[in-house]
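# Architecture and fold: a report
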Amino acid sequence: SQQGEEDPQALSIQEGENATMNCSYKTSINNLQWYRQNSGRGLVHLILIRSNEREKHSGRLRVTLDTSKKSSSLLITASRAADTASYFCATAEGGSEKLVFGKGTKLTVNP
Amino acid sequence: DAMVIQNPRYQVTQFGKPVTLSCSQTLNHNVMYWYQQKSSQAPKLLFHYYDKDFNNEADTPDNFQSRRPNTSFCFLDIRSPGLGDAAMYLCATSRVILQNIQYFGAGTRLSVL
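Note that this is a predicted model, so its numbers are computed, not measured.

A word on the interface of chain B and chain A. Each partner contributes residues to the interface: chain B has 24 residues there, and chain A has 21 residues. Each partner contributes to the roughly 1,700 Å² buried at the junction of chain B and chain A, and carbon and sulfur atoms together form 51% of this total. The tally of links from chain B across to chain A stands at one salt bridge. The partner of Lys98(A) in a salt bridge is Glu57(B), with the nearest N and O atoms 3.0 Å apart. Inspection of the chain B/chain A interface yields nine residue pairs in polar contact (both at pLDDT 80 or more). At the level of elements, β4 (31-37), β5 (44-50) and β9 (87-94) of chain B are the ones that each hand at least two residues to the side of chain B that touches chain A. Tallied by class, residues from the side of chain B that touches chain A come to 13 nonpolar, eight polar and three charged.

Residue and element names in this part refer to chain A. Across the sheet, which stays open at both edges, the five strands sit in the order β1-β3-β8-β7-β6 with antiparallel pairing between neighbours. Across the chains shown, the open sheet's two edge strands, defined by having one partner strand only, are β1 (5-7) and β6 (55-58). In this sheet, adjacent strand axes meet at a mean angle of 15 degrees when their direction is disregarded. Pairing of β6 with strand β7 (residues 61-66), which is carried by four bridges, proceeds in the antiparallel orientation. Note on β7: the bridge partner recorded for Ser58 is Leu61.

One pass over the full model with this rule turns up ten aromatic pairs over all chains. Ring centres of Phe101(A) and Phe104(B) lie 6.1 Å apart, and the angle between their planes is 75 degrees; on these two criteria the pair is classed as edge-to-face. Of this pair, Phe101(A) sits in strand β10 (residues 100-101) while Phe104(B) sits in strand β10 (residues 103-104), which puts the two residues in different chains. Judged on exposure class, the residue Phe101(A) and its partner Phe104(B) are both buried. Of the aromatic side chains, those joined through ring pairs into one cluster are Tyr35(A), Phe101(A), Tyr33(B), Tyr35(B) and Phe104(B).

Definitions and cut-offs
Residues numbered from 1 in each chain as written. Chains lettered and ligands numbered in written order. Predicted model: local features only at pLDDT ≥ 70, side-chain atom pairs only at ≥ 80, totals over all residues. Heavy atoms only, no water. Contact = heavy atoms within 4.5 Å. Buried area = accessible area lost by both parts, 1.4 Å probe. Salt bridge = Lys/Arg side-chain N within 4 Å of Asp/Glu carboxyl O. Polar contact = N/O pair within 3.5 Å; in protein donor to acceptor, adjacent residues only side chain to side chain. Helix = DSSP H or I, 4+ residues; strand = E, 2+ residues; numbered from the N terminus. Nonpolar A, V, L, I, M, F, W, Y, C, P; charged D, E, K, R; others polar. Pairing = 2+ DSSP bridges. Axes fitted to C-alpha atoms, helices over the stretch in contact; angles between N-to-C directions. Phe/Tyr/Trp six-rings, centres within 6.5 Å; stacked < 30°, edge-to-face > 60°. Buried < 20%, exposed > 50% of the residue type's maximum accessible area, 1.4 Å probe, protein only.

What follows is the structure, given as structure tokens:
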């Protein structure tokens, strides 16, 4: 299994601070995605980074990918209380329609 | 709005009593997935349909079955629910040419009494 491993498992910060979450995976990938899950709800796709990309931005989100280290990071800048959620990385192998999800980071942003 | 809809949101069943969860989509995606998610854990893929082709994960118990009568609908049948099957069940869809981005329903929370 190439299940990703996120760290930290839980992160608590104050509103306005930046939040950084990391993800490691085991095998070669086609792309890596980050999803968000509010408590008791489904997952929502946030951002996708291809294996030949190193960095990608979307609004307050910044994702980096280091394929040599098989790792990725998600940075949320200027966090808000509404960013409180669990964040999962997911990897896609070339040719597969499946994603493998990591264990997730639970982010709490305190007002 | 195009979306993935799961019904019901909450389902209570009795130990051993068959239960069916449903998922519908208006995205016209060719792949539909069923995940099981327990508290504070990652979603675990149970199986998926690629068009009409059913793909079971090796570690999915036989107690779990699925049907996809058409592109829009997919069902998860649990033949004899046990206490360990209490979980959130998530349905997702994707259009493979769109790099496997998956669109999730809100989930069905299953309780087994």
